[in-house]
Amino acid sequence: PTRPVNDYVNEEFDYVLNTIVFYTEYWVTKIVATGCHLVMHGYSYCDPRTASDGGWLIGGPLSRERNINDRTIWRTAIAQMVDRFNERVIEIANKPKFAGRFHFLDVRKDLGSGPEWWEDEVHPTKKGFDALGKRFKKALDDIAAGRATS
């Protein structure tokens, strides 16, 4: 690949992201309208791996199908996609119509990198799930105590 590292997240991703955001807001609206609270987490910066290291979703396909073998490109592109997704859902959570009912957990900084935190490219280890579980527990405790914010 000869293009700059910041040119990999493109209009193809934007199309998919816009579709995901549309349906996220659609379902948040439906659920919150019932009077329920909704707690949703975003994505963290995952650990892309080569096919030989178990890369089945990110590294393997990028290598095989797109001939992109540079881990720096993988990590940069993933970080950009994760940031853009989380930022768009945060925009939804900040809408006044969802105040106090839609609780978005931005978990981008909750997990570290490497095998201590990641079982595979996208699934945390027990340590990672424990960290995420603590975030959910706090959010649910805050809702139950009437301290919750969006």
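As a reminder, the structure under discussion sits directly above these lines.
Chemist: Would you take a moment to explain the layout of surface pockets for this structure?
Modeler: Empty space among the atoms can be located by rolling a probe the size of a water molecule over them. Taken as a whole, the largest pocket spans an internal volume of roughly 1,000 Å³. Taken together, 36 residues make up the lining of the largest pocket; nearest its centre are Phe 13, Leu 57, Ile 58, Ile 78 and Met 81. Secondary-structure elements contributing two or more residues to the lining of the largest pocket are helix 1 (11–33), helix 2 (59–66), helix 3 (71–93) and helix 4 (126–144). The leading source of residues in the lining of the largest pocket is helix 3, at 7 residues. Grouping the constituent residues of the lining of the largest pocket by class yields 27 nonpolar, 5 polar and 4 charged.

Chemist: What is the right way to look at the pattern of salt bridges in this model?
Modeler: Two side chains bearing opposite charge may form a pair once their charged atoms approach each other closely. Considering all chains together, one arrives at 16 salt bridges under this definition. In this structure, the salt-bridge partner of Asp 47 is Arg 75, at a minimum N-O distance of 3.5 Å. Of this pair, Asp 47 sits in the loop between strand 1 (38–41) and helix 2 while Arg 75 is found in helix 3, placing the two residues 28 residues apart along the sequence. For Asp 47, a relative accessible area of 8% gives the class buried. Several salt bridges share partner residues, and in doing so they unite Asp 83, Glu 87, Asp 106 and Arg 108 into one network.

Chemist: I keep staring at the environment of Tyr 8 and nothing clicks. Help me out?
Modeler: Tracing the backbone through its elements, the reader meets Tyr 8 in the segment before helix 1. Once the C-alpha coordinates of Tyr 8 and Ala 77 are considered, the two residues, 69 residues apart in sequence, prove to be 6.3 Å apart.

How each quantity is defined
- Residues numbered from 1 in each chain as written.
- Predicted model: local features only at pLDDT ≥ 70, side-chain atom pairs only at ≥ 80, totals over all residues.
- Heavy atoms only, no water.
- 1 Å grid on protein atoms, 1.4 Å probe; cavity = no way out; pocket = protein on both sides within 12 Å on 5 of 7 lines; lining within 4 Å.
- Points joined across faces, edges and corners; volume = space filled by probe spheres on them.
- Helix = DSSP H or I, 4+ residues; strand = E, 2+ residues; numbered from the N terminus.
- Nonpolar A, V, L, I, M, F, W, Y, C, P; charged D, E, K, R; others polar.
- Salt bridge = Lys/Arg side-chain N within 4 Å of Asp/Glu carboxyl O.
- Buried < 20%, exposed > 50% of the residue type's maximum accessible area, 1.4 Å probe, protein only.

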